[in-house]
Amino acid sequence: MWRHARHRSIVIEGERQCAVSMAQSRLSILAVCFIVAYLLIAVRLMDLGIVQAQILADADDTGSETVAVKEIAARRGDIFDRNGFLVASSLKTPSLFVDPSIVLDADQLVRDIARVIPDLDVEKASSVMSANNRFGWLAHNITPAQQQAILEVGDPSLGFKYHYTRVYPQGSLMSHMIGYADRDGLGLAGAERGFDDILGRGDNVTLSIDLRLQHAVKREVSRAMSEFNAIAGVGLILDAHSGEILAGVSLPDFDLNKAGRATDNQTFNRLTLGVYELGSMFKIFSTAALLELHKVGMDYTFDARKPIKVGWHKINDYHAEKRILTVAEVFMYSSNIGSALMGKMVGGKALRSFYKDLGLMDPLRFDIKEVGKPLTPPEPWRDDSTMTASYGHGLSTSPLQMSTAVASVVNGGIFVHPTIKKKAPKAGLTSEVRVVSEETSEQIRKLLRLNVTVGTGKKSGVKGMVVGGKTGTAEKSIDGRYHRDKLISSFVAAFPMDDPRYVIMVMIDEPKGNKSSYGYATAGWVAAPAVKRIVESMVSILGLPADRYDPATDISLDLLPYIHDKKEKKLASY
Amino acid sequence: MKKSLLKYGFVLVLLALSASGLMRVSQSVQKVERDIAATDRAIEREQEKIRVLRAEWAYLNNPARLESLALDAFGLDKVDMSSVVSTPSSIPELTPPAGEAGMLSRSIPIAYGGNNEGSE
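Computed from a predicted structure; not experimentally measured. (Residues numbered from 1 in each chain as written. Chains lettered and ligands numbered in written order. Predicted model: local features only at pLDDT ≥ 70, side-chain atom pairs only at ≥ 80, totals over all residues.)

Notes on the overall build of chain A
Link 1 in the chain: A tally of regular secondary structure across chain A gives 18 helices and 14 strands.
Link 2 in the chain: For 574 residues, the compact-globule formula gives about 25 Å, and the C-alpha radius of gyration of chain A, at 38 Å, lies well above that figure.
Link 3 in the chain: Counting only C-alpha atoms, chain A reaches 150 × 60 × 50 Å along its principal axes.
Link 4 in the chain: When each of the 574 residues of chain A is scored for burial, the buried share is 47%. (Helix = DSSP H or I, 4+ residues; strand = E, 2+ residues; numbered from the N terminus. Rg over C-alpha atoms; globule rule 2.2 N^0.38 Å. Buried ≥ 20, exposed ≤ 12 C-beta atoms within 10 Å, placed from the backbone.)

Right under this line is the structure:
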């Protein structure tokens with residue numbers, strides 16, 4: 001319209017007209033640009049004012065984080081027991097901090113926080129708040145409920161940071177096997193240390209340990225400890241074929257959630273790191289060496305009528321029979337004299353290399369890095385070392401090492417590598433290394449069974465289960481002197497003895513005899529009953545068949561002809 | 001002249017249309033992105049909650065705790081070897097019941113602990 005008005009007043013033609021229309025078109029282009037720009041601004045205003053505001057309001061409703069979550073390190077993997085029960089996990093937990101520069105009423109704030117977190121160190125909190133900086137920790141790893149209550153206090157100077165905290169729901173049940181990790185997620189002991197590379201990259205680990213068996217073993221070991229007023233104890237269930245540790249206990253133990261506060265005595269892993277003279281258990285190996293290397297029969301005899309003097313040592317019998325004993329009798333009566341003669345017959349070099357093949361002379365190769373180095377007599381073994389070593393005197397090994405050696409001998413003769421990582425069922429043997437022949441393995445199994453049916457391990461017998469085992473009672477050597485009243489009483493057992501599946505060991509440190517044991521603190525009285533109770537628990541936990549046993553076909557019956565005793569020996573009812 | 005004005009008007013309308021279309025698309029993309037982020041956060045929160053609950057469940061299933069609960073609430077002690085039966089044929093015959101309730105109360109010896117009496 002306005003163009004028409006202009007048209008009427010001024011009429012320009014020719015070249016000039018061209019210039020005018022060009023100016024006009026430029027003007028309109030400019031106008032369009034402005035219009036578009038204002039339109040965009042209007043639209044963007046609408047967007048910010050209405051649409052975005054709506055989205056932000058929606059987000060608030062869903063409870064968005066009011067406190068920024070800092071980038072935190074990757075989550076450490078979880079640890080499970082063999083049945084999938086959680087034993088170690090990393091949880092994101094909030095820690096409370098304060099910005100002292102914007103605190104208004106420090107006293108009131110401390111009171112408010114102390115009401116929510118009862119174990120708050122009030123004095124420390126006050127000094128943190130009065131500090132002249134912009135950051136101070138008030139409380140680490142608070143619970144979700146406490147965090148909510150702090151949020152309700154609503155003080156702007158408070159804030160949360162998140163860390164992963166390692167939690168161990170089973171507390172002290174398997175302290176030494178799981179071990180612990182530090183605040184930065186670095187494994188410091190046990191499986192946490194042994195499998196640090198796997199856990200560190202966020203993968204889970206499933207242990208071979210069965211929580212239920214672990215509990216049963218811990219219960220029975222601590223019962224034996226308190227009954228006999230002992231200072232420490234060890235318990236173990238080992239799969240004789242796969243080498244899997246089903247239960248591993250070292251007492252005293254500690255709550256993994258408070259690992260920092262545990263004493264050295266509690267954190268010391270007696271099962272794998274501690275080395276002990278385990279005594280007569282070595283007779284299993286010296287007898288196996290004799291049977292393996294000299295092919296003698298069970299009727300072969302040794303003169304145990306009087307003690308042997310060799311070097312500084314006088315070798316004597318605990319249950320002295322004072323007569324000529326067969327191989328079976330030496331084992332059954334646990335005759336030191338007989339075993340010493342066996343060791344002499346085998347010879348120092350052969351006996352040592354036999355022990356070495358069983359892994360008793362070197363530190364164990366094991367998932368847990370805390371393994372003890374065995375204490376052995378200096379090489380070459382002279383007669384006295386050889387003879388005492390044949391009944392386990394003068395050499396110290398860890399209980400786990402002892403148990404794996406026993407497993408290797410009784411499982412048919414194939415060396416076993418112990419592990420705490422679960423294996424696939426029917427994973428088979430852990431090595432191809434044969435340490436003794438099938439025949440020797442069978443003879444040893446018969447001897448171990450005989451020990452329970454008529455010998456020193458009677459108290460480990462369980463009705464219906466073919467348990468076999470060997471006692472070991474040793475005097476403790478402290479500062480180079482042996483103490484008569486300070487004993488290590490242990491029992492190693494295997495069952496079912498026809499084809500051993502489980503090896504069980506219990507070791508009690510410094511038990512004191514009581515009324516029920518007629519003052520005895522020896523292995524047969526202290527450790528054997530604990531093994532019996534562990535086997536009983538295993539029957540119900542694992543659902544083992546308990547009524548398939550036929551006393552008429554007991555493997556130890558084969559050995560009865562070699563037992564010459566005034567009293568007639570009868571097989572115990574189990 | 002008129003024609004070029006029409007052309008401008010048309011371009012203007014097209015521009016406005018495409019601008020608003022673009023804005024709509026970018027708005028919906030932003031919204032979807034926010035939704036995804038929110039869902040991711042929600043998933044992570046839920047996973048964290050699940051982890052806490054799993055840890056709590058594991059804690060409650062501690063064998064020592066279950067054992068003492070079973071003993072206190074139901075009088076269930078360690079299994080005696082004489083009561084372990086592995087083949088059905090070796091289970092002894094039940095005596096004929098005097099009455100349904102009577103049999104139950106006699107054959108299942110349960111000692112109810114304090115808290116459980118209400119549920120009886």
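There's more to say after this.
Some thoughts on the confidence of the model for chain A
Link 1 in the chain: Across chain A, the average pLDDT comes to 85, with 92% of residues at 70 or higher.
Link 2 in the chain: The model gives residues 61-71 of chain A a pLDDT under 50, and that stretch makes seven contacts with residues more than four places away or in other chains. (pLDDT = per-residue confidence, 0-100. Contact = placed C-beta atoms within 7 Å.)

Topic: helix α18 (residues 523-542) of chain A
Residue and element names in this part refer to chain A.
Link 1 in the chain: Between its first and last C-alpha, α18 extends 26 Å over 20 residues, near the 28 Å set by a 1.5 Å rise per residue.
Link 2 in the chain: The buried count for α18 comes to 17 of 20 residues, which makes it a mostly enclosed element.
Link 3 in the chain: Glycine 543 occupies a position one or two residues after α18 and carries a positive phi of about 65°. (Expected span 1.5 Å × (residues − 1).)

Regarding helix α16 (residues 399-410) of chain A
The periodicity of an α-helix, 3.6 residues per turn, causes residues three or four positions apart to be oriented the same way.
Residue and element names in this part refer to chain A.
Link 1 in the chain: For α16, which comprises 12 residues, the first-to-last C-alpha distance of 17 Å matches the rise-based estimate of 16 Å (1.5 Å per residue) to within 8%.
Link 2 in the chain: Along α16, 12 of the 12 residues are buried, which leaves the element largely enclosed by surrounding structure.
Link 3 in the chain: Taken together, the buried positions of α16 are occupied by Pro399, Leu400, Gln401, Met402, Ser403, Thr404, Ala405, Val406, Ala407, Ser408, Val409 and Val410.
Link 4 in the chain: Elements that come into contact with the buried residues of α16 comprise β6 (232-239), α11 (282-294), α17 (438-453), β13 (481-495) and β14 (502-509).
Link 5 in the chain: Just downstream of α16, glycine 412 is the residue with a positive phi angle, here 115°.

A closer look at the interface of chain B and chain A
Link 1 in the chain: Counting residues at the interface gives 31 residues for chain B and 36 residues for chain A.
Link 2 in the chain: At the level of secondary structure, the elements contributing two or more residues to the side of chain B that touches chain A comprise α1 (2-60) and α2 (63-74) of chain B.
Link 3 in the chain: Ranked by residues supplied to the side of chain B that touches chain A, first place goes to α1 of chain B with 19 residues.
Link 4 in the chain: When the residues that make up the side of chain B that touches chain A are grouped by side-chain class, the tally is 17 nonpolar, eight polar and six charged. (Nonpolar A, V, L, I, M, F, W, Y, C, P; charged D, E, K, R; others polar.)

A closer look at the confidence of the model for chain B
All names here are of chain B.
Link 1 in the chain: When pLDDT is averaged across chain B, the result is 77; 72% of the residues are at 70 or more.
Link 2 in the chain: Between the elements of chain B, mean pLDDT differs from a low of 47, seen in helix α3 (residues 100-107), to a high of 90, seen in α2.
Link 3 in the chain: Predicted confidence for residues 101-120 stays below pLDDT 50, and this span has 12 contacts to residues more than four positions away or in other chains.
Link 4 in the chain: Interface confidence for the predicted complex, expressed as ipTM, amounts to 0.73; the pTM equals 0.78.

Overview of the pairing of strand β2 (residues 86-98) of chain A
All names here are of chain A.
Link 1 in the chain: Relative to β2, strand β1 (residues 79-80) runs antiparallel, the two being bridged by two bridges. By the bridge assignment for β2, isoleucine 79 is matched with alanine 88.
Link 2 in the chain: Bridging between β2 and strand β4 (residues 158-167) involves 10 bridges; their strand directions are antiparallel. Note that in β4 the partner of proline 94 across the bridge is tyrosine 162.
Link 3 in the chain: In this sheet, strand β3 (residues 136-139) lies alongside β2 in antiparallel orientation, the contact comprising three bridges. Along β3, the bridge assignment pairs leucine 96 with alanine 139. (Pairing = 2+ DSSP bridges.)

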